[in-house]
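# Coordinate inspection notes
The chain contents come next:
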Amino acid sequence: ASQDMFLDKTATHSSVTTYYGETLQKSSDLKTNACCTAASPFPHIAEAIKKVHPDVISKYYGCGFCVPDEVEGMTILDLGCGAGRDVYIASQLVGPNGRVIGVDMTEEQLKVAKETQP
């Protein structure tokens, strides 16, 4: 019975990879609205979003932009970055002396991020 408490990491990894890599092709394919933000972004974030490639925007499945104010010169790590929407926004905010690192386990998402690099 205690064995039931443990997840099958292989099955979970496969399920997540399939969902984010194959099932979802655009934001409207999401099967839930649990991670959809209803509020409009702050003006400086809205301006940054306008500079992000449309293919990246269409593959955004996140829960909003969760980066504090005043990050200029800092390093930001985005785990589960997907196609990179938040990475591209954050890169505009950290400026030339900062850096942003995006990590994702889904090759299809990373392919979009790499193909749309500014």
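Here is a short report on the structure shown in this document. (Residues numbered from 1 in each chain as written. Predicted model: local features only at pLDDT ≥ 70, side-chain atom pairs only at ≥ 80, totals over all residues. Heavy atoms only, no water.)

### Digging into the overall build of the chain
Summing up its helical and strand segments, the chain has five helices and two strands in all. When its helices and strands are written in sequence order, the chain yields α-α-α-β-α-β-α. Per-residue burial over the chain gives 33% buried out of 118 residues. In the chain, the share of contacts with a sequence separation of at least 24, taken over all contacts with a separation of at least 6, comes to 70%. Just so you have it, the chain exposes about 8,200 Å², and 56% of that area is on carbon and sulfur atoms. (Helix = DSSP H or I, 4+ residues; strand = E, 2+ residues; numbered from the N terminus. Buried < 20%, exposed > 50% of the residue type's maximum accessible area, 1.4 Å probe, protein only. Contact = heavy atoms within 4.5 Å. Areas by Shrake-Rupley, 256 points an atom, 1.4 Å probe, with all protein chains shown as cover.)

### Observations regarding the pattern of salt bridges
For the structure shown, the criterion picks out three salt bridges. The shortest N-O distance in the salt bridge between D86 and R85 comes to 3.0 Å. Residue class for D86 comes out buried when judged on its relative accessible area of 17%. Look at R85 and you get buried, because its relative accessible area is 11%. (Salt bridge = Lys/Arg side-chain N within 4 Å of Asp/Glu carboxyl O.)

### Structural notes on the pairing of strand β2 (residues 99-103)
As defined by bridge partners, strand β1 (residues 75-79) adjoins β2 across five bridges and the pair is classed as parallel. Within β2, the position partnered with I76 by the bridge is V100. Between the parallel pair β1 and β2, the chain is carried across by helix α4 (residues 85-94), and the sense of this crossover is right-handed. (Pairing = 2+ DSSP bridges. Right-handed = clockwise from strand over helix to strand, strands pointing away.)

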